[in-house]
Amino acid sequence: MHYFMQEQCITYRIFIVDQLDSKPFNRAKLLNIGAVEAMKLNFSCLILHDVDLLPISTGNLYTCTRKPRHMSSSLDVFRYHLTYPDLFGGVVGILTDQFKKINGMSNLFDGWGGEDDDFHARLIKFDLVPYRFSPILSRYIMLKHPKAEPSKERFNMLKDSVDRQPIDGLNSLISNYVIEQKQLYTHIQVNDD
């Protein structure tokens with residue numbers, strides 16, 4: 001990623017947020033934690049990035065625009081086709097002010113799935129309709145890894161996600177974590193056991 005970012009001649013910092021506790025994986029909470037730490041350093045643009053995705057084209061600019069952008073809409077594992085129109089996950093670019101406005105992501109989606117759809121619903125609620133670059137520019141390779149078990153509660157939680165938005169997100173983020181500055185990235189280790 002460093003070579004890719006340097007090719008684009010941009011100022012950036014990589015935050016890697018790991019969940020060390022024995023609770024079910026909570027992707028959105030980890031992204032919220034990384035975003036909060038980036039905000040403390042006055043970054044105006046957030047690229048929320050799954051660790052298993054690698055961009056192919058340097059034309060896929062790692063910058064923010066006026067609208068939130070779904071950057072990874074064309075994945076090799078889906079034969080470079082968008083799986084559904086409201087998908088907003090994997091890699092997204094969003095202005096810090098927009099992320100604050102929607103109260104970040106929900107902290108309640110334990111296990112795989114649902115948090116991306118909740119994120120999209122928050123954006124739509126605030127008339128922040130996301131967009132995408134062309135599929136050619138938005139191509140990513142997904143690294144092989146075991147698939148997580150889908151959350152059984154994800155569909156029930158999506159029913160009231162917009163109603164929960166004002167009280168579930170950045171303003172309700174409570175977590176224990178340690179930050180370690182490495183040579184090439186900032187490592188954040190979360191342990192809520």
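For the structure itself, look to the data block above.
Residues numbered from 1 in each chain as written. Predicted model: local features only at pLDDT ≥ 70, side-chain atom pairs only at ≥ 80, totals over all residues. Heavy atoms only, no water.

Novice: Would you mind showing me how to read unusual backbone geometry here?
Specialist: Comment: phi is negative for the bulk of residues other than glycine, and the bulk of peptide bonds are trans. Notably, Asn 42 is not glycine yet its phi reads approximately 65 degrees, a positive angle. Here Asn 42 is to be found in the loop between helix H2 (27-40) and strand E2 (45-49). We classify Asn 42 as exposed; its relative accessible area is 70%. Of note, Asn 103 is a non-glycine position whose phi angle comes to about 65 degrees, a positive value. Topologically, Asn 103 is positioned in the loop between helix H3 (96-101) and helix H4 (115-125). (Helix = DSSP H or I, 4+ residues; strand = E, 2+ residues; numbered from the N terminus. Buried < 20%, exposed > 50% of the residue type's maximum accessible area, 1.4 Å probe, protein only.)

Novice: Even after reading the chapter, I still don't get the sheet that holds strand E6 (residues 91-95), so can you show me in this structure?
Specialist: Backbone hydrogen bonds hold the strands of a sheet together, and the pairing may be parallel or antiparallel. Across the sheet, three strands lie side by side as E2-E6-E4; this open sheet has antiparallel pairing. This sheet does not close on itself; its edge strands, each paired only once, are E2 and strand E4 (69-70). When E4 meets E6, the two strands line up antiparallel, connected through two bridges. Each bridged residue has a counterpart across the sheet, and for Arg 69 the counterpart in E6 is Gly 93. (Pairing = 2+ DSSP bridges.)

Novice: How do you make sense of the pairing of strand E7 (residues 139-142) when you look at a structure like this?
Specialist: For a regular strand, the rule is simple: side chains alternate between the two faces of the sheet. Because side chains alternate across E7, one face comprises the buried residues Tyr 140 and Met 142, and the other comprises Arg 139 and Ile 141, none of which is buried. Note that strand E3 (residues 53-55) and E7 share three bridges and pair antiparallel. What sits directly across from Leu 53, in E7, is Met 142. Pairing of strand E5 (residues 74-75) with E7, which is carried by two bridges, proceeds in the parallel orientation. Within E7, the residue paired with Leu 75 across the bridge is Tyr 140.

Novice: Help me understand the pairing of strand E9 (residues 186-190) in this model?
Specialist: Summarising burial for E9: four of the five residues are buried, a large majority. As defined by bridge partners, strand E1 (residues 15-19) adjoins E9 across five bridges and the pair is classed as parallel. Counted as the bridge partner of Val 17 is Ile 188 from E9. Relative to E9, strand E8 (residues 177-181) runs antiparallel, the two sharing five bridges. Along E9, the bridge assignment pairs Tyr 177 with Val 190. Turn length for the E8-E9 hairpin, with the two strands adjacent in sequence and antiparallel, is four residues.

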